[in-house]
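Each chain, written out:
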Amino acid sequence: PYYVLYSQDPDKFLLAGRRRKKNKQSTYLISIDEKELKRKSESYIGKCKSNFVGTEFTMWDSGSNPGKKEAGDVRVELGVVQYDRNVLGTNGPRKMQVMLPPTAATGVRDKLQPTKVEDTMSCVLAKGSENNYVKLVNKTPRWNESLGAFCLNFQV
């Protein structure tokens, strides 16, 4: 699969993503070039990798994996997207939360560069500690009988 993100006004290219082949988990390369989607290219800016079940995605910058003997800076963890399983199965809406590193009052984001799995945001969250992370949660849709569908009211 190949994905492209454009801004709505004006219609301008922002990012492109492509699923990496031959990976056990879903891993997507993110690029600032619509045509150049290779890990070794200058336009490669990071990746988004899922857990085995596809309920959690971790976003990384283009740095090196600390477990591999590659030259360069250790990658920075940019955030985690988590989906809760739906009690209605796959047909109903799922709860989603996004966790981002804290940002100082000056606007500078904490630089998370875990070198061990237990230091990643996913593991810290699994232990019940939110470490001052920025937490974004989606609104819960409500069932609309007349439409026969789940709906969200985006008005304030």
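Preceding block: the structure.
Everything numeric here is computed off the predicted structure, so don't read it as measured data.

A few words on the overall build of the chain. Regarding its fold elements, the chain presents 1 helix and 10 strands. Order of helices (α) and strands (β) in the chain, N terminus to C terminus: β-β-β-β-β-β-β-α-β-β-β. On the principal axes, the C-alpha backbone points of the chain span a range of 60 × 40 × 40 Å. Going through the 156 residues of the chain one by one, you find that 27% of them count as buried. Side-chain charges of the chain comprise 26 positive and 17 negative groups, with the mean position of each set lying 7 Å from the other.

The next thing to look at is the nonpolar core. Nonpolar side chains in soluble globular proteins generally cluster together in the buried interior. If you look at the biggest cluster of nonpolar residues, it comprises 6 residues: Val80, Met99, Met121, Val124, Leu125 and Tyr133. By residue number, the principal contributor to this core is helix H1 (residues 121-126), which donates 3 residues.

Once that is clear, we can look at the environment of tyrosine 2. Its location among the elements puts tyrosine 2 in strand E1 (residues 2-7). When the C-alpha positions of tyrosine 2 and glutamate 34 are compared, they lie 9.9 Å apart, and in sequence the two are 32 residues distant. Not counting residues within four places of it along the chain, the set of residues in contact with tyrosine 2 comprises Ala16, Gly17, Arg18, Glu34 and Leu37. Of note is the side chain of tyrosine 2, whose polar atom sits 2.5 Å from the backbone oxygen of glutamate 34.

Turning our eyes to something else, we now look at the pairing of strand E5 (residues 56-61). In terms of strand pairing, strand E4 (residues 44-50) meets E5 through 5 bridges, oriented antiparallel. Paired with cysteine 48 across the two strands is methionine 59, which belongs to E5. Counted along the chain from E4 to the antiparallel partner E5, the turn is 5 residues long, and its residue glycine 54 has a positive phi close to 80°.

Okay, the pairing of E4 next. Summarising burial for E4: 5 of the 7 residues are buried, a large majority. Pairing of strand E3 (residues 27-31) with E4 involves 5 bridges; the strand directions are antiparallel. Each bridged residue has a counterpart across the sheet, and for isoleucine 30 the counterpart in E4 is glycine 46.

This part is about the packing of aromatic side chains. This model, assessed by the stated rule, comprises 4 aromatic pairs. Residues tyrosine 6 and phenylalanine 13 carry aromatic rings whose centres are separated by 6.0 Å and whose planes lie at 75° to one another, so their mutual orientation is edge-to-face. Its end group placed over the ring of tryptophan 60, arginine 75 keeps NZ or CZ at 4.0 Å from the ring centre.

What follows concerns the sheet that holds strand E6 (residues 77-83). As summarised here, the arrangement of the 8 strands in space is E1-E2-E3-E4-E5-E6-E7-E8, forming an open sheet in which the pairing is antiparallel. Of all the strands in the sheet, the pair left with one neighbour each is E1 and strand E8 (134-137). For this sheet, the mean angle separating the axes of adjacent strands, direction not counted, is 20°. Across 6 bridges, the pairing between E1 and strand E2 (residues 12-19) is antiparallel. Bridge pairing in E2 places tyrosine 3 opposite glycine 17.

Checked against the element boundaries, threonine 120 lands in the loop between strand E7 (96-100) and H1. Side-chain polar atoms of threonine 120 contact the backbone oxygen of valine 117, separated by 2.8 Å. Dropping the residues within four chain positions of it, threonine 120 is found in contact with Trp60, Glu77 and Pro114.

What counts as what
- Residues numbered from 1 in each chain as written.
- Predicted model: local features only at pLDDT ≥ 70, side-chain atom pairs only at ≥ 80, totals over all residues.
- Heavy atoms only, no water.
- Helix = DSSP H or I, 4+ residues; strand = E, 2+ residues; numbered from the N terminus.
- Buried < 20%, exposed > 50% of the residue type's maximum accessible area, 1.4 Å probe, protein only.
- Lys, Arg positive; Asp, Glu negative; His and termini not counted.
- Charge placed at Lys NZ, Arg CZ, Asp CG, Glu CD.
- Core = buried A, V, L, I, M, F, W, Y, C linked by side-chain atoms within 4.5 Å.
- Contact = heavy atoms within 4.5 Å.
- Polar contact = N/O pair within 3.5 Å; in protein donor to acceptor, adjacent residues only side chain to side chain.
- Pairing = 2+ DSSP bridges.
- Phe/Tyr/Trp six-rings, centres within 6.5 Å; stacked < 30°, edge-to-face > 60°.
- Lys NZ or Arg CZ within 6 Å of the ring centre and 35° of its normal.
- Axes fitted to C-alpha atoms, helices over the stretch in contact; angles between N-to-C directions.

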